[in-house]
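A structural walkthrough
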Amino acid sequence: MTQSIERRPLLAMNQVTQTYALPRANLFGPRPSFTVLQNIDFDVCAGEAVGLVGESGAGKTTLTRILTGMEKPQTGSVTFEGADIWSGDTAHRAKFRRSVQMVLQNPRSSLDPRMRVGTALLEPMRSLKIAGDHTKRLYEVLDQVGLDRSALERYPHEFSGGQLQRVAIARALMPNPRVLVADEPVSALDVSIQAQVLNLLKDLVRNLQLGLVFIAHDLSVVAYTTSRVSVIAAGRIVEVGQPIELFTHPMAPETKNLVDAVLTVEAGLAGTAL
Ligand SMILES: Nc1ncnc2c1ncn2[C@@H]1O[C@H](COP(=O)(O)OP(=O)(O)OP(=O)(O)O)[C@@H](O)[C@H]1O
Ligand SMILES: [Mg+2]
């Protein structure tokens, strides 16, 4: 295990259980419900990349929504720098909102096609009410993701998929976050371009001491990027380990299935990860 007594997570989810009520099947029966997440513990430290991997419907996006404060957990807590984000402390809540940013799966659909990239990058500053002249920050962030300044004047359709994912990462970096949460950030990209984006994320973790939560259904992609991976199945964490351990000695049957899925596809990133 990579756990040590000194671990001080920046962002953590503690014993979270989330249940949704479903539509009543008949008028007089009890209202059925569905437990999407059960007793979830999950955390990330500064300068650490952690992965969450699981099949479609396992609960990954629901976990992301709770971890980023979009949804309140019914049971359990989410803490940022050790304090509960739902405690009602508005200053702490504002700091959390700035410090934890999401990288979305598909920038083609998440970026407004009529908005220049420069304007899109300033959006988070506006919505988070971060005051000041942000030109310097724009240049800094473009540099960090390897985009040219001319990108600011262009529209999303003028970029390739890989470049556009850099724009999405730049947007997430604008408020100077401590943690990035990336839900399937490369699944819409060609394999040849995936590696470039994954390397960029790895560099950012190292250079900026960011915490990265990397979510995917593909174990090889997660393994390439992170040092600790949690496997989620049907709303429960069934195994946690270093990527190499999970590949070579998967314990849970769900982990074995994910390993098999990778090894039956072309070598691809799996080879690189190992
Ligand atoms: N508001 C809701 N009400 C009822 N069920 C929900 C709700 N939100 C999600 N679910 C169910 O919870 C389960 C987990 O969904 P979730 O989107 O978290 O999975 P996922 O692991 O992200 O899947 P994918 O890999 O397809 O993105 C699914 O069965 C989904 O149908
Ligand atoms: Mg999802």
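1. Observations concerning the packing of aromatic side chains
The final tally for this structure, using the stated rule, is one aromatic pair. Positioned above the aromatic ring of Phe-159 is the side chain of Arg-154, whose terminal nitrogen or guanidinium carbon lies 4.3 Å from the ring centre. Residue placement shows Lys-202 over the ring face of Tyr-224; its charged tip is 4.1 Å from the ring centre.

2. Thoughts on the sheet that holds strand β1 (residues 11–21)
A sheet is described by the order of its strands in space; here four strands give the open sequence β2-β1-β4-β5, paired in antiparallel fashion. Here the strands that pair on one side only, and so sit at the sheet edges, are β2 (33–44) and β5 (83–84). Two strands pair when backbone bridges link them, and β1 and β2 are joined in this way by eight bridges, in the antiparallel orientation. Counted as the bridge partner of Leu-11 is Val-44 from β2. Each of β1, β4 (75–80) and β5 touches helix α2 (residues 90–99); the most contacted strand, β4, lies at about 75° to it.

3. Topic: helix α4 (residues 117–127)
Residues of α4 that are buried include every one of Val-117, Gly-118, Ala-120, Leu-121, Pro-124 and Met-125, and no others. Following α4 by one or two positions, Lys-129 adopts a phi angle in the positive range, close to 55°.

4. As for the nonpolar core
Of all hydrophobic cores here, the largest spans 49 residues; its most connected members are Leu-121, Ile-169 and Leu-219. Contact partners of Leu-121, with chain neighbours within four places excluded, come to Leu-138, Leu-142, Leu-152, Val-167, Ala-170, Arg-171 and Met-174. Counting 25 residues, the second largest nonpolar core, distinct from the first, contains Leu-11, Val-16, Ile-40 and Ile-215.

5. Observations regarding the environment of Leu-52
Mapped onto the secondary structure, Leu-52 falls in strand β3 (residues 49–53). C-alpha of Leu-52 to C-alpha of Arg-116: the two residues are 64 residues apart in sequence and 33 Å apart in space. Not counting chain neighbours up to four residues away, the residues in contact with Leu-52 comprise Phe-42, Lys-60, Leu-63, Phe-214, Ile-215, Ala-216, Val-222, Ser-230, Ile-232 and Ile-237.

6. Considerations on the pairing of strand β7 (residues 179–183)
Counting buried positions along β7 yields five of five residues, so the element is predominantly enclosed. Neither face of β7 is exposed, since Val-179, Val-181 and Asp-183 on one face and Leu-180 and Ala-182 on the opposite face are all buried. Where β7 lies against strand β8 (residues 211–216), five bridges are found, and the strand directions are parallel. Counted as the bridge partner of Leu-180 is Leu-212 from β8. Between β7 and its parallel partner β8, the chain crosses via helix α7 (residues 191–208), and the hand of that crossover is right-handed.

7. Looking at unusual backbone geometry
Where the residue is not glycine, phi is negative for most of them; where a peptide bond is considered, it is trans in most cases. Unusually for a residue other than glycine, Glu-184 sits at a positive phi of about 50°. Here the phi dihedral of Ala-234 falls at roughly 45°; this positive angle occurs in a residue that is not glycine. Here Ala-234 lies in the loop between β9 (228–233) and β10 (236–241). For Ala-234, a relative accessible area of 68% translates into the label exposed.

8. A few points about the sheet that holds β3
Strand order in the open sheet made by the six strands is β6-β7-β8-β3-β9-β10, with mixed pairing throughout. The sheet is open, and its two borders are formed by β6 (100–103) and β10, each paired with just one other strand. Pairs of neighbouring strands in the sheet enclose a mean axial angle of 20°, with direction left out of account. Helix-sheet contacts for helix α1 (residues 60–67) involve β3, β6, β7, β8 and β9, and the interaxial angle to β8 is about 155°.

9. What about the site of ligand 1?
Contacts to ligand 1 come from Tyr-20, Phe-34, Val-36, Glu-55, Ser-56, Gly-57, Ala-58, Gly-59, Lys-60, Thr-61 and Thr-62. Interatomic distance of 3.0 Å between a backbone N/O atom of Gly-59 and an oxygen atom of ligand 1. Lys-60 is positioned such that a nitrogen or oxygen atom in its side chain is 2.7 Å from an oxygen atom of ligand 1. Protein chains shield 59% of the accessible area of ligand 1, which is 640 Å² for the free molecule. Counting residues per element, the ones that place at least two in the shell around ligand 1 are β2 and α1. The dominant element in the shell around ligand 1, judged by the number of residues it contributes, is α1, at three residues.

Cut-offs used in this document
Residues numbered from 1 in each chain as written. Chains lettered and ligands numbered in written order. Predicted model: local features only at pLDDT ≥ 70, side-chain atom pairs only at ≥ 80, totals over all residues. Heavy atoms only, no water. Phe/Tyr/Trp six-rings, centres within 6.5 Å; stacked < 30°, edge-to-face > 60°. Lys NZ or Arg CZ within 6 Å of the ring centre and 35° of its normal. Pairing = 2+ DSSP bridges. Helix = DSSP H or I, 4+ residues; strand = E, 2+ residues; numbered from the N terminus. Contact = heavy atoms within 4.5 Å. Axes fitted to C-alpha atoms, helices over the stretch in contact; angles between N-to-C directions. Buried < 20%, exposed > 50% of the residue type's maximum accessible area, 1.4 Å probe, protein only. Core = buried A, V, L, I, M, F, W, Y, C linked by side-chain atoms within 4.5 Å. Right-handed = clockwise from strand over helix to strand, strands pointing away. Near = heavy atom within 4 Å. Polar contact = N/O pair within 3.5 Å; in protein donor to acceptor, adjacent residues only side chain to side chain. Areas by Shrake-Rupley, 256 points an atom, 1.4 Å probe, with all protein chains shown as cover.

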